[in-house]
Amino acid sequence: MRRLLLIVVVVVAFAATAVAEFTVETVETGDTGYTPEIALDGLSRPGICFANETDDSAKIAHWTGDAWDIDTIDSDGDVGSYCGVFFDGDNEPHVAYRDNGDKFVRYAYRDDDSWTIITLDGTAPTGLGLSVARDSLGWPRTSSVQEDYVEVAYSWMDGGGAYTTYVSDWQTVGGRATGLAVNSGDVSYIAFHETEWNDIWLTRGHDDAWQFLLIDGDETTDQLGTDLALALEGNEFHIAYYNETEGSLYYAAGTWTDFSVELLDGDGDAGSSLDLTLDAAGTPHACYYDAAEDMLRYAYRDTPGWRTYRVADGAGLECSLVVDDSGLVTMTYRDAKPSTLYVARGDASGLPQYGGAIGDDDDDTTGDDDDDATDDDASDDDASDDDATDDDATDDDATDDDTAAGDDDDDDDGGGCAC
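Given the structure is predicted, the values throughout are model-derived calculations rather than measurements.

Undergrad: Give me the sheet that holds strand β14 (residues 151-158): which residues, what numbers.
TA: On the basis of which strands lie adjacent, the open sheet formed by 4 strands has the order β12-β13-β14-β15 and antiparallel pairing. Edge strands, defined here as strands with exactly one partner in the open sheet, are β12 (128-134) and β15 (161-166). Between one strand and the next, the sheet's axes are offset by a mean angle of 20°, whatever the strand orientation. Across 6 bridges, the pairing between β14 and β15 is antiparallel. In the strand pairing of β15, Tyr-154 is matched with Thr-165.

Here it is, written out as structure tokens:
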């Protein structure tokens, strides 16, 4: 065990090409920001764990309200990748991460200015695709890929110590992520990619008692769930996952006995890295990378379907997001190696949609200019205001209703989550 403390260095600057309504900041530069994960403390301030490859360290950046307070958690070996973070009642961070040298999972928590570091799972090799959650008593639980037998490794702590069990001994597990969430009854849910049939599965349980549910696949040839994220509200699960074969992002939601699957975004190569969270009203929000356009996108779901938005160009890898009680969205992500760690904060209330909402009709292949399902070209209506179906390039007036008696301009574009 080794305790390390580093006086913080704060780097805050505007950077990257961004769209209005989201403010982009640089958190740290210098081949850093790998596999970041974000969480909110009890004051709704975000904290980000990440790996810095310049010195192979595990770090955390915590927003103070004025600046990013950056602290080194651990620099003993090559550490910090696949990290996950949560905060306790004293707003102190708890972080799990991988030791790439020994291939163990480490767990660290801060008390005042001192870090305590524990080997949570020493049954090497493990820790790939690590996901972290806390139970009702504040203890950590993790899921990851155990490399020897390619199983889901599930670890947890309690007052008696740290324990690990293997969940999926009848399946071969792979992909870049596992997804872990814990409900109020301390039942753990884990989403994972099964490599033999390229399916995505969900399992629930604790210790050595688990149930399994096929979410999507059933012996298809599509690579499903090579990246994924899981959120839980009571006993209702929400899973976003990447279809690598299509280059599309999908979403599954429901209960163990009744759930549905739908397309979230099929534009470009969407979802090669992604995250999913729920806001206070239970509305799902996602961030994800479009590899075809080298773009970070954000989406939330409302009545007609998913609404997608462009947030930043030239970056977006390994994104993670949170939404606070006021509806403020905070996303963290990085650009290509050598990497810089960024944060984008804001909402989509004034942004044009990137394409139409899933579920809306569209009369050509371009994006929407309003929320009407009968008239969704990228062009504005003309100035005559006498036809519901025309889409000339001339701007219309300030009213936006797209009806036979009305008009069609772009003041109704976008729209944030009204939750």
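Undergrad: Account for the pattern of salt bridges, naming residues and giving values.
TA: What the rule picks out here adds up to 16 salt bridges. Of the charged contacts in the structure, one is a salt bridge between Asp-265 and Arg-297, with a shortest N-O distance of 2.9 Å. Here the residue Asp-265 occupies a position in strand β23 (residues 259-265), and Arg-297 occupies one in strand β26 (residues 295-302), the gap between them amounting to 32 residues. On the basis of relative accessibility, which here comes to 4%, the residue Asp-265 falls in the buried class.

Undergrad: Pulling in residues and values, what's your account of the sheet that holds strand β10 (residues 104-111)?
TA: In a beta sheet, neighbouring strands pair by backbone hydrogen bonds and run either parallel or antiparallel. Reading across the sheet, the 4 strands line up as β8-β9-β10-β11 and stay open at both edges, with antiparallel pairing between neighbours. In this open sheet, the two strands that pair with only one neighbour each are β8 (79-87) and β11 (114-121). Within the sheet, the average angular offset between the axes of one strand and its neighbour, ignoring direction, is 25°. Note: strand β9 (residues 93-99) against β10, 6 bridges, orientation antiparallel. Bridged to His-94 within β10 is Tyr-109.

Undergrad: Hey, could you go over the nonpolar core for me, with residue numbers and the actual values?
TA: The biggest cluster of nonpolar side chains holds 20 residues, and the ones touching the most others in it are Phe-22, Leu-296, Tyr-298, Val-311, Met-331 and Tyr-333. Breaking this core down by element, the ones donating at least two residues are β3 (22-28), β26, β27 (305-313), β28 (317-323), β29 (329-334) and β30 (341-346). Met-331 has contacts with Phe-22, Cys-287, Leu-296, Tyr-298, Val-311, Ser-320, Leu-321, Tyr-342, Val-343 and Ala-344, leaving out every residue within four places of it along the chain. In this structure, Ala-181, Phe-237, Ile-239 and Tyr-250 belong to the second largest nonpolar core, which totals 17 residues.

Undergrad: Can you explain the state of the cysteines? Please cite residues and give values.
TA: Taken as a whole and assessed by the stated rule, the structure comprises 2 disulfides. The disulfide partner of Cys-49 is Cys-83, and the gap between their sulfur atoms is 2.2 Å. As the torsion about the S-S bond is roughly 95°, the Cys-49-Cys-83 disulfide counts as right-handed. You can see Cys-49 sitting in strand β5 (residues 46-52) and its partner Cys-83 sitting in strand β8, a full 34 residues away along the chain. Here Cys-49 matches Cys-83 in class, with each residue buried. For Cys-287, the disulfide goes to Cys-319, at an S-S distance of 2.4 Å. Here Cys-287 and Cys-319 share a disulfide; its torsion about the S-S bond, 105°, makes the bridge right-handed. Placement of Cys-287 in strand β25 (residues 284-290) and of Cys-319 in strand β28 is noted, with a sequence separation of 32 residues between them. Accessibility classification places Cys-287 together with Cys-319 in one group, the buried group.

Undergrad: Break down the side chain of Thr-330 for me, citing the residues and quoting the values.
TA: Here Thr-330 shows up in strand β29. A residue is classified by how much of its surface remains accessible, and Thr-330, at 4% relative accessible area, is buried. Apart from the residues within four sequence positions on either side, Thr-330 is in contact with Ile-38, Pro-46, Ser-320, Leu-321, Val-322, Val-343, Ala-344 and Arg-345.

Undergrad: Describe the environment of Thr-142, naming the residues involved and giving the relevant values.
TA: Summarising the element assignment, Thr-142 is placed in strand β13 (residues 140-146). Assessed through its relative accessible area of 0%, Thr-142 is described here as buried. Sequence separation between Thr-142 and Val-105 is 37 residues; the distance between their C-alpha atoms is 8.8 Å. Setting aside residues up to four positions removed in sequence, Thr-142 forms contacts with Ala-96, Leu-120, Leu-130, Ser-131, Val-132, Ala-153, Tyr-154, Ser-155 and Leu-180.

Undergrad: Explain the confidence of the model for the protein chain residue by residue, including any values.
TA: Averaged over every residue, the pLDDT of the protein chain is 84; residues scoring 70 or more account for 79%. Predicted confidence is poor over residues 1-17, with pLDDT under 50, and the contacts of this stretch with residues over four places away or in other chains come to 47 contacts. Scored below 50 in pLDDT, residues 359-419 shows 149 contacts in the model against residues more than four places distant or in partner chains.

Procedures and definitions
Residues numbered from 1 in each chain as written. Predicted model: local features only at pLDDT ≥ 70, side-chain atom pairs only at ≥ 80, totals over all residues. Heavy atoms only, no water. Pairing = 2+ DSSP bridges. Helix = DSSP H or I, 4+ residues; strand = E, 2+ residues; numbered from the N terminus. Axes fitted to C-alpha atoms, helices over the stretch in contact; angles between N-to-C directions. Salt bridge = Lys/Arg side-chain N within 4 Å of Asp/Glu carboxyl O. Buried < 20%, exposed > 50% of the residue type's maximum accessible area, 1.4 Å probe, protein only. Core = buried A, V, L, I, M, F, W, Y, C linked by side-chain atoms within 4.5 Å. Contact = heavy atoms within 4.5 Å. Disulfide = S-S within 2.5 Å. pLDDT = per-residue confidence, 0-100.

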